[in-house]
Amino acid sequence: MIVARVPILYYRTLSLVSKSFRSMVVSPELYKVRSVLGLTESCLYVCLRFGLGSYKWYTLSSKSKSSGGYVLASVPMPGDDSPRVAGLGFGYSDLVAVGSDIYNIGQADKTTPTSSVSILDCKSHMWRKAPSMPMELGSLSAIVLDRNIFVLGRRYHQYASWKSLLQVFNTNTQTWDIPCCVLDQASHLFNFNGNLHAVNIFGWVFAFNSKQGKWDQLVEIDPSVGEIKYSESYCEIDNVLYSVSKEGALRWYDTDKTRWRDLKGLVGLPKLPRRFSGYGSYVKLTAYGGGKMLVFWSRKSNILVSHMETIYCAVIALKKDKGDCWGKLEWYDGVLSVLSGTELVKIFSVTL
């Protein structure tokens, strides 16, 4: 009852007290008590890729109260979890978060896409199987809307052609559905204004019309929105789309003026890496808590002969005022030192 009232950010510190505390902070009973007490909070999980096939999971944890700030703490996984996330970043599989679960959609077997789906329970850090997709897909893109997982991919058809296919997974009923709404040459899904959108291989943006069951092309939209298909450097917070420009600046999309605008404020935030400025230096954005955005990026050490780089995290509070979006930097610092070439694959905000 006492530990259940402690914020999850401090569970890493509690686990260092003794073996019994280490077992307690991952026990199902603890989360049952938290649920009874009505205690839930957002926790951040990060998937890193070391080299071409080694994946590790981390969670954002609080440092001691005296020093303040955050660190990325390694998440202990029973057994070897690497095969369950093989192929991430190569189009063979994708990861999404729903509640306290992280779904690995289209779990890959080496370099072959499959229809398998597995779930990481962030309370117990145990993997379990989920119902497989009706059809195997390649070049996957998955997002979550209203606890439904939308999975877009390509499937080989006769006459040496590839067709796009959309599959939907209801996480409440744990069942799959294949809507009759094919968007040819579609390559990427994203959430925009709380609705399902897709980008095709030409960079054209389409909105899904749920009432008519069809895709409508958006003509009055900045063409650069279609660049989302090349990048993971974007997120939506309170129905506002944020991204990182080619120059490394944070920006937001003004739907009234149909163009990107720089995020104002941000005093003290260092210059972010530019796109393609080096392997592993990509910027990642994610929503966190109420009206906040977390920004992750990496920089190589200043020492010329060093093979290490540092992953940084910034906490930015967002607000909209008089037609402008403002960001206030609350904190930033290095959260983990890694070997050069380590890639930030995915970042999730889960509810525990």
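Residue positions are given per chain, counting from 1 as you read along its sequence in written order. Residue-level local features of this predicted model are given only where pLDDT is at least 70; pairs of side-chain atoms are given and counted only at 80 or more, and the full residue set underlies all totals for whole chains, interfaces and linings. As a rule here, side-chain values cover all heavy atoms of the structure and leave hydrogens and water aside.

- As recorded in an unreviewed UniProt entry, the protein goes by F-box domain-containing protein and comes from Brassica campestris.

### With respect to the overall build of the protein
Consideration 1: Per the convention used, a helix needs a DSSP run of H or I reaching at least four residues, while a strand needs a run of E reaching at least two, with both numbered from the N terminus. For the protein, the helix and strand inventory stands at 3 helices and 25 strands.
Consideration 2: Taken over 352 residues, the protein has a buried fraction of 50%.
Consideration 3: The contact definition used throughout considers only heavy atoms, calling two residues in contact when any of these lie within 4.5 Å. When contacts within the protein are restricted to residue pairs at least 6 apart in sequence, long-range pairs at least 24 apart make up 50% of them.
Consideration 4: Surface summary for the protein: the accessible area is close to 17,700 Å², and the carbon and sulfur share equals 53%. The buried label applies to any residue whose accessible area, calculated with a 1.4 Å probe on protein chains only, is under 20% of its type's maximum; exposed applies above 50%, and partly exposed to all values in between. Every accessible area reported is derived by Shrake-Rupley at a probe size of 1.4 Å, with residue values counting cover from the shown protein chains alone.

### Side note on the pairing of strand S16 (residues 234–237)
Consideration 1: With burial as the criterion, each face of S16 is covered, one bearing Tyr-234 and Glu-236 and the other bearing Cys-235 and Ile-237.
Consideration 2: When DSSP finds two or more bridges between a pair of strands, those strands are recorded as paired. Sheet analysis places S16 next to strand S17 (residues 240–244), joined by 4 bridges and oriented antiparallel. The partner of Cys-235 across the bridge, within S17, is Tyr-242.

### Some details on helix H3 (residues 28–36)
Consideration 1: Within the sequence span of H3, burial applies to Leu-30, Tyr-31 and Arg-34. The arc that holds every buried residue of H3, seen down its axis, measures 90°, which confines them to one face. Relative to its buried face, H3 has exposed residues pointing more than 90 degrees away, namely Lys-32, Ser-35 and Val-36.
Consideration 2: Looking at the buried residues of H3, the elements they touch are helix H1 (11–15) and helix H2 (19–24).
Consideration 3: Just downstream of H3 lies Gly-38, where phi reads positive at about 75°. Working definition: the arc comes from the directions between the helix axis and the C-beta atoms, pointing outward to the latter.

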